Amino acid sequence: MPTGYKYVLPDQNGWSRALHFEAAWLAVLTGLLYVAWGLFRGHFRRNLVPASRDLSAASLWSVIAQHLRLLPAREDDGRSYNVLQRLTYLSVIFILFPLAIWTGLAMSPGIASAMPAAVSVLGGLQSARTIHFFVFILLVLFAAVHIAMVCIGGFGKRMRAMITSRAATGKEKNEQVLTT
Amino acid sequence: MNKFSRRKLFTTGLYMAGGASGLAAATVLARRYGLVPPDCGGIYGPGETLSYAAHRLFARDSLAREFPRSMISNPPFPNQADPLGKEFERLRDGGFSDWRLAVDGMVARPASFSVADVKSFPRHSQITQLQCEEGWSYVAEWTGARFSHILDVVGALPQARYVVYSSFERDTWDSIDMADARHPQTFIAYGMNGEELPVKHGGPLRMRLPRQMGYKNIKYITRLTVTDSLKGFGKGMGSVSAEYGYAWYAGI
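Moving on to the overall build of chain B. The helix and strand tally for chain B stands at seven helices and 10 strands. The principal-axis extents of the C-alpha atoms in chain B amount to approximately 85 × 40 × 30 Å. Among the 252 residues that make up chain B, the fraction classed as buried is 50%. Look at the contacts in chain B between residues 6 or more apart in sequence, and 68% of them connect residues 24 or more apart. Only carbon and sulfur atoms are counted for the fraction: they give 57% of the accessible area of chain B, which is about 12600 Å². Charge centroids of chain B, computed over 30 positive and 24 negative side chains, lie 10 Å from each other.

Take a look at the structure:
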């Protein structure tokens, strides 16, 4: 595809934009369900909001130090999220994803006409695009670290726990996992 | 494991049947109220349909942002254009006095306008952003005739649903629904930043609809066709760009 700035795009890439926007709808619709359900069932309050005692500098540092020294996970780590996980998940759910959706919508000329303030607050269309890219990079980083941690923590064990939601709560199950 | 009991299977089946019939009913209603774009087929159809329907339901009459004169981009960025050929050069050398804008289809009074005719219609201006799919954008002042005024002059019939617009460039055409065709900021533009619309920006006549991406703002407009169906145009997907995989509705 010829363009005006001496660079030739390798191919017609309409499919990628269509995939992007369809995936955006999927992310928004499932995300809304997830957040509504999480609020309704108290998932965020119970499992993600860190206890205030875990937020002290000393306690935060001890968890960070544990990770930096690459110490093996504590035995109760499979049953609940540590404070770093909680803060990361909360930022992804309530900061990064909403920001990705907001900056994405701000790049839509139709949305900009309906909600001009949503664009001007961000500093205009091109600032929205820049923020959108940085959020994208942060989300990719999160996904990479998240998947790496799942692999380190025992891929099979963690996947089983995710799919059946059992391993984290059932005591016998935990023992089983430990003995195998 | 009695987790997957018969009862559960049954209720799940009921939910799925309910969901499927709900979806079917929604599709019928969406078609009835013009919320389904012509390129609604294929695996990406649902995404395109949701976007178009959402915009038509919640932002049908919204006005594109207008900017202060101080924010006009200098110079505005023109995309690279293919050579337009000998015939275009002849028209340009004649000051476009022989340029014609034909209007046909579902209209009471088919017409063929010269650029001077278009300029004789009430003159409007807007300082709006043109935003390209490739990422760049610029703000410019556009001057032209309202698309809706042209539709009134030729007497577009009430059953009209789309207007197809074609370019002097070969195989270049697109279409809009009546929400955009009747929108006060949809222009046939002939002026830019206080001067004649330069050829590299689509002069003498360019489609200007600031609520959609740049690629809907086709240059060198020669024909408008009012219609109630896009089936007879190309592959029936509403535009050439849709045939290449770029959404027909580009308000995103």
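Let us look at the overall build of chain A. What chain A contains, in helices and strands, is nine helices and zero strands. N-terminal to C-terminal, the α/β element order of chain A is α-α-α-α-α-α-α-α-α. Considering only contacts in chain A between residues 6 or more positions apart, those separated by 24 or more positions represent 50%. Roughly 12000 Å² of accessible area belongs to chain A as shown, and the carbon and sulfur atoms make up 70% of that amount.

Residues and elements named next belong to chain B. Along its sequence, chain B is carved into domain 1 (3-58) and domain 2 (69-243). A separation of 35 Å is found between the C-alpha centroids of domain 1 and domain 2. Contact residues are listed per partner, giving six residues for domain 1 and 11 residues for domain 2. Note on domain 1 versus domain 2: buried area summed over both sides is about 530 Å², and carbon and sulfur give 46% of it. Three residues stand out in domain 1 for area buried against domain 2, namely Pro38, Asp39 and Arg56, and they jointly supply 77% of the buried area on that side. Linking domain 1 with domain 2 are two salt bridges. The salt bridge involving aspartate 180 is made with arginine 56; its shortest N-O contact spans 2.9 Å. Across the domain 1-domain 2 interface, the total number found is three residue pairs in polar contact (both at pLDDT 80 or more). Residue composition of the side of domain 1 that touches domain 2, grouped by class: three nonpolar, one polar and two charged.

The next thing to look at is the packing of aromatic side chains. Note on aromatic pairs: each is described by the distance of the centres and the angle between the planes. All names here are of chain A. Overall, the coordinates contain 21 aromatic pairs over all chains when judged by the stated rule. Judged by centre distance (5.8 Å) and plane angle (45°), the rings of tryptophan 37 and phenylalanine 40 are tilted. With tryptophan 37 and phenylalanine 40 both in helix H1 (residues 14-40) and three residues apart, the pair spans about one turn of that helix. Overall, phenylalanine 40 belongs to the exposed group, its relative accessible area being 63%.

Right, let's talk about the side chain of Asn82(A) for a bit. Residue and element names in this part refer to chain A. Inspection of the secondary structure puts asparagine 82 in the loop between helix H3 (57-68) and helix H4 (83-106). A distance of 2.9 Å separates a polar side-chain atom of asparagine 82 from the backbone nitrogen of leucine 84. Within the structure, asparagine 82 has its side chain in polar contact with the backbone nitrogen of glutamine 85 (distance 2.9 Å). Excluding residues that lie within four positions of it along the chain, asparagine 82 makes contacts with Val63 and His67.

Residues and elements named next belong to chain B. With the rule as written, the count across this model stands at 13 salt bridges over all chains. Residues aspartate 93 and arginine 92 are paired through a salt bridge, measuring 3.8 Å at the closest nitrogen-oxygen approach. Taking the relative accessible area as the measure of exposure, aspartate 93 reaches 63% and is therefore exposed. By relative accessible area, arginine 92 is classed as partly exposed at 39%. Arginine 182 is the partner of aspartate 152 in a salt bridge, and the nearest nitrogen-oxygen pair spans 2.8 Å. Pair noted here: aspartate 152 is in helix H5 (residues 147-154) and arginine 182 is in the loop between helix H6 (178-181) and strand S7 (187-192), with a separation of 30 residues, a long-range link. Under the relative-accessibility criterion, aspartate 152 is labelled partly exposed at 47%. Here arginine 182 falls in the partly exposed class, since its relative accessible area comes to 35%. Several salt bridges converge on common partners, so that one network encompasses Arg56, Asp177, Asp180 and Arg211.

All names here are of chain B. Counting through the fold element by element, aspartate 228 comes out in the loop between strand S10 (221-227) and helix H7 (240-243). Along the primary structure aspartate 228 and isoleucine 127 are separated by 101 residues, whereas in three dimensions their C-alpha atoms are 32 Å apart. Those residues in contact with aspartate 228, other than ones at most four positions away along the chain, are Met106, Gln159, Arg161 and Tyr162.

With that settled, the discussion passes to the interface of chain A and chain B. If you look at the interface, chain A gives 32 residues, while chain B gives 38 residues. Interface area, chain A with chain B, both sides summed: about 2800 Å², of which 55% is carbon and sulfur. When the buried surface of chain A facing chain B is broken down by residue, Arg17(A), Trp25(A) and Pro109(A) rank first, second and third, together holding 23% of it. Taken together, the connections running from chain A to chain B amount to one salt bridge. A salt bridge links Glu133(B) to Arg17(A); the shortest N-O distance between them is 2.3 Å. Where chain A meets chain B, there are 11 residue pairs in polar contact (both at pLDDT 80 or more).

Our next topic: the pairing of strand S2 (residues 111-114) of chain B. The pairing of strand S1 (residues 100-105) of chain B with S2(B) spans four bridges and is classified as antiparallel. Its bridge partner lying in S2(B), Leu101(B) is registered against Phe113(B).

What counts as what
Residues numbered from 1 in each chain as written. Chains lettered and ligands numbered in written order. Predicted model: local features only at pLDDT ≥ 70, side-chain atom pairs only at ≥ 80, totals over all residues. Heavy atoms only, no water. Helix = DSSP H or I, 4+ residues; strand = E, 2+ residues; numbered from the N terminus. Buried < 20%, exposed > 50% of the residue type's maximum accessible area, 1.4 Å probe, protein only. Contact = heavy atoms within 4.5 Å. Areas by Shrake-Rupley, 256 points an atom, 1.4 Å probe, with all protein chains shown as cover. Lys, Arg positive; Asp, Glu negative; His and termini not counted. Charge placed at Lys NZ, Arg CZ, Asp CG, Glu CD. Domains from an automatic or database assignment. Buried area = accessible area lost by both parts, 1.4 Å probe. Salt bridge = Lys/Arg side-chain N within 4 Å of Asp/Glu carboxyl O. Polar contact = N/O pair within 3.5 Å; in protein donor to acceptor, adjacent residues only side chain to side chain. Nonpolar A, V, L, I, M, F, W, Y, C, P; charged D, E, K, R; others polar. Phe/Tyr/Trp six-rings, centres within 6.5 Å; stacked < 30°, edge-to-face > 60°. Pairing = 2+ DSSP bridges.

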